[in-house]
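# An overview of the molecular structure
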Amino acid sequence: PTAAAPRLTVIGTGYLGATHAVCMAALGYEVLGVDVDPGKIERLNSGEVPFYEPGLPELLAKAMDSGRLRFSTSLAEAADFGDVHFLCVGTPQQRGSNAADLSFVHAATDELARHLRRRALVVGKSTVPVGTAAALADRVRSLAPAGEEVELAWNPEFLREGFAVEDTLHPDRLVFGVTSAWAEERLRAAFAPVIGEGTPVVTTDLATAELVKTAANSFLATKISYINAMAEVCEATGADVQKLAEALAYDDRIGGRFLRPGLGFGGGCLPKDIRAFIHRAEELRVGQAVAFLREVDEINKRRRARTVSLIRELAGGDPAGIRVAALGASFKPDSDDIRDAPALDVAATLHAAGARVRVFDPVAMDNARRACPQLDYAADALDAAAGADVVVLLTEWTEFREIDPAAMGAVVAHRRIVDGRHALDPAQWRAAGWTYRALGRP
Ligand code: UGA
């Protein structure tokens, strides 16, 4: 950034906001991160990242040392400090509905706007239903003392948990939804080092920028459910979905990424984003256009149910009283996020059916305990497997891939494993005397 570089604020310091704040400071900007949760702010100010994200703690420490980054609970302070304000608050699924809950977005923008006394750009990064940005732009202008001087832009975020730093510093593309040349210039100034590396910038209107995000996540979810639908067909025919996916992937037009069959998608984004998209499209009377996303959601949920039934089959039908070792709780490896985690869902369903489930996850134990206190938690994978009738791999952590089937075989009651993520080598496990089952494989 140059001497004229804008000062940045990041409002909301969850996975997205904390990463964005730290990375922007690492790129050389002056950054103020803001959150309503004083506990979170205290931890961040003392140099602690409140969630698991590889590489982020080191980068936070560096940014704090540089003096360019600090955190506060005050939006008045943010309004005073910043030229460009990034909105990174959550948009969870509403209780009892598929719609996105925009209450955090509205609360944060309203409060910020009331303090904006000079020219500023408010940039939404949260995932919102299309049309939200235009409404927010009006609201911000009407509430801000600076009035027309305050503009709103939309800059969707595509980072993946587990690769958040890499994705923020070196994104595939930047999308700038703007309504004026000034807003575009401000955004370009706020991302100058990233753009300088040759990152493509797609400039759009507000609605298109909002939709890019929803469309991207819907496509990714569809790709996963497509291969999982093929897994269902494979199971009915004795075919092997793993081989099928491998063969499809050699066609560049299809590609192998996000074509990994298994227990399906979870997390704080894909499931709720497709549901919110269906809801929004129906409001706009174009529900038919995205009706297939309902099927994408259903296929995904059936993978969880099928995993539970595979475990039942292996245990002889009745889950009551059987001992299940559940390896994994987070929604994917390299994350402690358990939001809509297929792993915990399967574990909790088995428990509700009377099974005795012992869970181990390398980093998500605290979150899992809070969300599912009814389950039993183990000290490590072997401890979880001790005396188990069935072992089930639910999240493909590297340490689970490296388990020695003979060592685990020595502690279980029965050598039966369900590989929910196609993470293990069936030949190796079978050679060690295990009955190995995986979704969509003979
Ligand atoms: C996802 C998108 O990949 C990001 O681009 C997006 O920015 C983010 O949501 C968001 O909206 O914030 P994330 O939720 O971190 O990122 O996780 P992914 O790596 O996309 O994985 C999602 C789920 O799909 C996981 O449960 C994973 O196990 C599952 N998955 C992924 C599969 O079952 N098969 C695959 O081939 C790939």
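Note that this is a predicted model, so its numbers are computed, not measured. By convention here, each chain's residues receive numbers from 1 onward along its written sequence. Totals for whole chains, interfaces and linings use every residue, but because this is a predicted model, local features are given only for residues with pLDDT of at least 70 and side-chain atom pairs only at 80 or more, for both listing and counting.

## Regarding the overall build of the chain
For the record, the criterion: By definition, any uninterrupted DSSP run of H or I lasting at least four residues is a helix, any uninterrupted run of E lasting at least two residues is a strand, and each is numbered from the N terminus. As defined in this context, the radius of gyration uses C-alpha atoms, and a globule is described by 2.2 Å times the residue total to the power 0.38. Buried residues are those with 20 or more other C-beta atoms within 10 Å of their own C-beta, exposed residues have 12 or fewer, and partly exposed residues lie in between; C-beta atoms are placed from the backbone. For every residue pair, C-beta atoms are placed from the backbone, and the pair is scored as a contact if these atoms sit within 7 Å.
Secondary structure summary: the chain contains 19 helices and 14 strands in total. Over its C-alpha atoms the chain spans a radius of gyration of 23 Å, differing by no more than 12% from the 22 Å that the globule rule assigns to 442 residues. Taken along the three principal axes of its C-alpha coordinates, the chain extends 70 × 50 × 40 Å. Per-residue burial for the chain yields a buried fraction of 49% across its 442 residues. Long-range contacts, defined here as pairs at least 24 residues apart, represent 71% of the contacts in the chain between residues at least 6 apart.

## Points about the sheet that holds strand β10 (residues 356–360)
The cut-off we apply is this: DSSP calls a pair of strands paired once it identifies at least 2 bridges connecting them. Lines fitted to the C-alpha atoms define the axes, with helices restricted to the stretch that makes contact. Angles between their N-to-C directions range from 0 to 180 degrees.
The parallel open sheet is built from 6 strands, whose spatial order is β11-β10-β9-β12-β13-β14. Only two strands of the sheet have a single partner each, and these edge strands are β11 (376–377) and β14 (435–438). Summarising the sheet, β10 and β11 pair through 2 bridges and their orientation is parallel. Paired with Arg358 across the two strands is Asp376, which belongs to β11. Seen against the sheet, helix α14 (residues 342–352) touches β9 (323–327) and β10 and runs at an angle of roughly 160° to β10.

## Let's talk about the nonpolar core
As a reminder, the rule being used: Connectivity within a nonpolar core runs through C-beta atoms within 7 Å, and the core itself is a set of buried Ala, Val, Leu, Ile, Met, Phe, Trp, Tyr and Cys residues. Segment limits for the domains were obtained from an automatic or database-derived domain assignment.
Counting residues in hydrophobic clusters, the biggest one holds 133 residues, and the most contacted among them are Val324, Ala326, Leu327 and Val392. Of the domains in this structure, domain 1 (8–204) and domain 2 (221–438) are the two that each give at least three residues to this core.

## A short note on the site of the ligand
Basically, it comes down to this: Whether a residue is near a molecule or strand depends on its C-beta atom, placed from the backbone, lying within 6 Å of it. Polar here means any residue outside two lists: the nonpolar Ala, Val, Leu, Ile, Met, Phe, Trp, Tyr, Cys and Pro, and the charged Asp, Glu, Lys and Arg; Gly therefore counts as polar.
Of all residues adjacent to the ligand, which total 21 residues, the nearest are Glu161, Arg260, Phe265, Gly267 and Cys269. Per element, the largest residue contribution to the shell around the ligand is 3 residues, and it comes from helix α10 (residues 206–237). Looking at the shell around the ligand, its residues break down into 10 nonpolar, 6 polar and 5 charged. Built from parts of two domains, the shell around the ligand gets at least three residues from each of domain 1 (8–204) and domain 2 (221–438).

## Quick notes on the UniProt feature "binding site: NAD(+)" (unreviewed entry) in the chain
Filter applied, for reference: UniProt positions are given in the numbering used here, feature names are shortened, and annotations may be inferred rather than shown by experiment.
UniProt tags Asp35, Lys40, Thr91, Thr127, Glu161, Lys272 and Arg339 as "binding site: NAD(+)" (unreviewed entry). A maximum C-alpha distance of 24.3 Å shows the annotated residues, which cover 305 residues in sequence, to be distributed over more than one spot. Here Thr127 lies in the loop between β5 (120–124) and α6 (132–143). What Thr127 contacts, discounting residues up to four positions off in sequence, is Thr91, Lys213, Thr214, Cys269 and Asp273. Along the chain, Arg339 falls in the loop between β9 and α14. What makes Arg339 buried here is the crowd of 21 C-beta atoms within 10 Å. Excluding its chain neighbours within four sequence positions, the residues that come into contact with Arg339 are Gly267, Gly268 and Phe331.

## Re unusual backbone geometry
Of note in this structure, Arg285 is not a glycine but carries a positive phi near 65°. Relative to the helices and strands, Arg285 is located in the loop between α12 (270–283) and α13 (292–314). Taking the number of C-beta atoms within 10 Å as the measure of exposure, Arg285 has 8 and is therefore exposed. Unlike most non-glycine residues, Asp340 shows phi in positive territory, near 45°. Relative to the assigned elements, Asp340 resides in the loop between β9 and α14. By C-beta crowding, Asp340 is classed as partly exposed, having 18 other C-beta atoms within 10 Å.

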